[in-house]
Amino acid sequence: MVRDITLGQYMPGKSIVHRMDARSKILMLLAMIGFIFAADNYMALLLITLSSLLVVLLTRISFMMYLKSMKVILFLVLFTGILNIFYGSGQVYWEWQFIKITEGGVNNAVFVTIRIAAMVLVSSVLTFTTSPNDLTDGIEKLLSPLKLFHVKVHEIAMMMTIALRFIPVLLEEADKIMNAQKARGADMESGGALKRVRAMVPVLIPLFVSAFRRANDLAMAMECRCYNGGKGRTRMKIMKFGGVDLAALIYLIVVFAGVILCNIVFPATVR
Amino acid sequence: MSVITAENVTFTYGKGTSFERTALSGVSFSVEEGEFLGVIGHTGSGKSTLVQMFNGLLRPTSGRILLNGKDIWEQPKKIREVRFKVGMVFQYPEHQLFEETVYKDISFGPKNKGMSEEETDKKVREAAGFVGLSEELLKKSPFELSGGEKRRAAIAGVIAMDPDVLILDEPTAGLDPLGRDALLSEIVTYHKVRKNTVLLVSHSMEDIARISDRILVMNNGRKAMLDTSENIFSQGAELEKMGLRVPQITKVMMLLKQRGISVNTGVLTVEQAFQEILSCLGCCGETKKW
């Protein structure tokens, strides 16, 4: 059910990836994604994929969890992959009327599939190994230069933290209410689309009521502790760029240098 | 005849994932028709999981649940019919209210069951009567009621389906002592009038001791004991090992016995204890000078 979705779920642990600074993890993830798309021949793609897999291994999280997070986007990956087979030019492998499979098309398909898969994989590394609080703290720090342009960075980060924090709570609540209504004979598994939507009303109304109740309680609790925005606030956990982050940076520089080298040495397979 | 029978029921949450946890292992027992069964256990002992098996909200990983001698999962598509026969009131049931008026909310269950307008009306008023909701309250929005009234409205919503078995999971949680006593006595009255089977889950010994015919004690996902209240509470030491508190008055009697006074420790109310101590004084009063 809803709980089986692992995309963007934090898995506590003590691996070296878990211990990294959230800011450097975010930046390195972005750089990694950039290089996944920069790799334009099979050697470079192999190199960046293998180095992503090494990072995955270092998180010490069961590979099954990563596969589960891929399951959500499996359709998207397959769809774009298959669509790409029929585009492109070059040597023709197979032809039927106006449909033809070419060398370029197959290459495109392989690249698109691996690129999306690798991108999801490294993104999962970030969300699996970083607690939502650290993640939003990191984003807040990274966005803080925007304060110069009067963007309310702290408020945005606080909203994100609260939203992330309450996703599992609301999911659990939805589960409970669904069970309670099922116990009163609510039928949510059969009937047409319209009937099913109508059957959700007894679940959604109590869910909204409880969300507002929680929001009220939370606002009250925050006011009681004199919360008044980010000005002058200090942090309990101070983020530090440590030895692990330095090691990760060196690792990435080596990998990226390798990718650039491959791109120069080997001819580009896709444009 | 037994209404519900659990045959070697085992249940595992999140099978095949890293969150795998066995909530129930090899539980077997049966509930007799018309009895008031208390289910008690420490937090995480599996009592809530167990009762959710009885109306088919959870399916046993292995083992069977029999309702009137028939396996409820024999035809998975007909599981809804089981839910009308076994009414289930969850913890904090007031969180399920959703309709515009209390009346409409209580009639949600009966309507799903397919009752006619007249029959629904009769059942709704009957159920409201059992839980002490007045006529005016039925016309109000459920969100205008007080906490205790909301709880009653939600319980009425399950009673109105006219189930053969009524299961209540911690119905008194979060109520003040007066509200708790009132609600419990309403449940007892309902049980006496309807003469159907009631299962009451709680971790409060005091509540369960007074009103149950038999008590099922759960510990670590297993059936620890199943016996009459008196027999259960005479095993105070065992209960304490499972992290359960015996009623205060039973505790007093246990301490008396420890000091060498031969009282029966299976008493549940102050009145019983009074009689027990009197009779004990009567017998030893002559040999020992008190």
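Residues numbered from 1 in each chain as written. Chains lettered and ligands numbered in written order. Predicted model: local features only at pLDDT ≥ 70, side-chain atom pairs only at ≥ 80, totals over all residues. Heavy atoms only, no water.

1. Quick notes on the domain arrangement of chain B
Residue and element names in this part refer to chain B.
- You can read the domains of chain B as domain 1 (2-236) and domain 2 (247-290).
- Taken over C-alpha atoms, the centre of domain 1 sits 36 Å from the centre of domain 2.
- Contact residues are listed per partner, giving 9 residues for domain 1 and 9 residues for domain 2.
- Of the roughly 680 Å² buried between domain 1 and domain 2, counting both surfaces, carbon and sulfur atoms make up 71%. (Domains from an automatic or database assignment. Contact = heavy atoms within 4.5 Å. Buried area = accessible area lost by both parts, 1.4 Å probe.)

2. Some remarks on the sheet that holds strand β4 (residues 62-67) of chain B
Residue and element names in this part refer to chain B.
- One open sheet holds the 4 strands; their spatial order is β2-β1-β4-β5, and the pairing between them is antiparallel. For this open sheet the edge positions go to β2 (21-32) and β5 (70-71), each flanked by a neighbour on one side alone.
- In this structure, strand β1 (residues 2-13) lies alongside β4, joined through 5 bridges in antiparallel fashion. Among the inter-strand pairings, A6 is bridged to a residue of β4, identified as I65.
- Contacting β1, β2 and β4, helix α1 (residues 47-54) runs over the sheet at an angle of about 60 degrees to β2. (Pairing = 2+ DSSP bridges. Helix = DSSP H or I, 4+ residues; strand = E, 2+ residues; numbered from the N terminus. Axes fitted to C-alpha atoms, helices over the stretch in contact; angles between N-to-C directions.)

3. Side note on the state of the cysteines
- This model, assessed by the stated rule, comprises 0 disulfides over all chains.
- In this model A:C224 remains outside any disulfide bridge; the closest cysteine sulfur is found in A:C226, 8.3 Å from its own. (Disulfide = S-S within 2.5 Å.)

4. Considerations on a nonpolar patch on the surface
Residues and elements named next belong to chain A.
- On the surface, M43, L46, L50, L53, F63, M64, L67, I260, L261, I264, V265 and F266 cluster together into a nonpolar patch covering about 1,200 Å² of accessible area.
- Put simply, the parts of the chain that give the nonpolar patch at least two residues each are α3 (42-58), α4 (63-71) and α11 (243-265).
- When you line up the elements, I264 lands in helix α11.
- Owing to a relative accessible area of 67%, I264 belongs among the exposed residues under this scheme. (Patch = residues over 30% accessible without salt bridge, like charges linked within 9 Å, V, L, I, M, F, W, Y side chains within 5 Å. Areas by Shrake-Rupley, 256 points an atom, 1.4 Å probe, with all protein chains shown as cover. Salt bridge = Lys/Arg side-chain N within 4 Å of Asp/Glu carboxyl O. Buried < 20%, exposed > 50% of the residue type's maximum accessible area, 1.4 Å probe, protein only.)

5. Focus: the interface of chain A and chain B
- Contact residues are listed per partner, giving 19 residues for chain A and 23 residues for chain B.
- Summed over both sides, the interface between chain A and chain B buries roughly 1,800 Å², with carbon and sulfur atoms accounting for 60% of that surface.
- The interface formed by chain A and chain B contains 2 salt bridges.
- Across the pair B:R80 and A:D187 runs a salt bridge whose closest N-O atoms are separated by 3.5 Å.
- Across the chain A-chain B interface, the total number found is 5 residue pairs in polar contact (both at pLDDT 80 or more).
- Among the secondary structure elements, those contributing two or more residues to the side of chain A that touches chain B are α4, α8 (153-183) and α10 (201-224) of chain A. (Polar contact = N/O pair within 3.5 Å; in protein donor to acceptor, adjacent residues only side chain to side chain.)

6. Let's talk about the pattern of salt bridges
All names here are of chain B.
- Applying the stated rule across the entire model yields 17 salt bridges over all chains.
- Among the ionic pairs, D162 bridges to R194, the shortest N-O distance being 3.1 Å. Of this pair, D162 sits in the loop between α7 (147-159) and β7 (165-169) while R194 sits in helix α8 (residues 177-194); the two residues are 32 residues apart in sequence, bridging distant segments of the chain.
- Residue D162 is classed as partly exposed on the basis of its relative accessible area of 25%.
- Salt bridges linked by common partners bring K123, E126, D162 and R194 together as one network.

7. A short note on the confidence of the model for chain B
Residue and element names in this part refer to chain B.
- Model confidence for chain B is summarised by a mean pLDDT of 87, while 96% of its residues fall at 70 or above.
- Taken as a whole, residues 285-290 scores under 50 in pLDDT and shows 4 contacts with residues more than four places along the chain or in a different chain.
- The ipTM, which scores confidence in the relative placement of chains, is 0.83 for this predicted complex, and the corresponding pTM is 0.73. (pLDDT = per-residue confidence, 0-100.)

8. Digging into the sheet that holds strand β3 (residues 36-41) of chain B
Residue and element names in this part refer to chain B.
- The strand order β6-β7-β8-β3-β9-β10 describes an open sheet built from 6 strands, whose pairing is mixed. With one partner strand each, in any of the chains shown, β6 (86-89) and β10 (222-228) form the two edges of the open sheet. Looking at each pair of strands side by side, their axes are set apart by 15 degrees on average, direction ignored.
- Examined bridge by bridge, β6 and β7 share 4 bridges and lie parallel to one another. If you follow V89 over to β7, its bridge partner there is L168.
- Its contacts with the sheet put α8 on β3, β7 and β8 (197-202), and the angle it makes with β8 is roughly 160 degrees.

9. Points about the pairing of β10(B)
Residues and elements named next belong to chain B.
- Pairing of strand β9 (residues 214-219) with β10 involves 6 bridges; the strand directions are antiparallel. Its bridge partner lying in β10, M218 is registered against K223.
- Between β9 and β10, which pair antiparallel in sequence order, lie 2 residues; one of them, N220, sits at a positive phi of approximately 50 degrees.

10. Remarks on a positive patch on the surface
- On the surface, B:K70, B:K78, B:K85 and B:K113 cluster together to form a positively charged patch.
- On the accessibility criterion, B:K78 (42% relative accessible area) is partly exposed. (Lys, Arg positive; Asp, Glu negative; His and termini not counted. Charge placed at Lys NZ, Arg CZ, Asp CG, Glu CD.)

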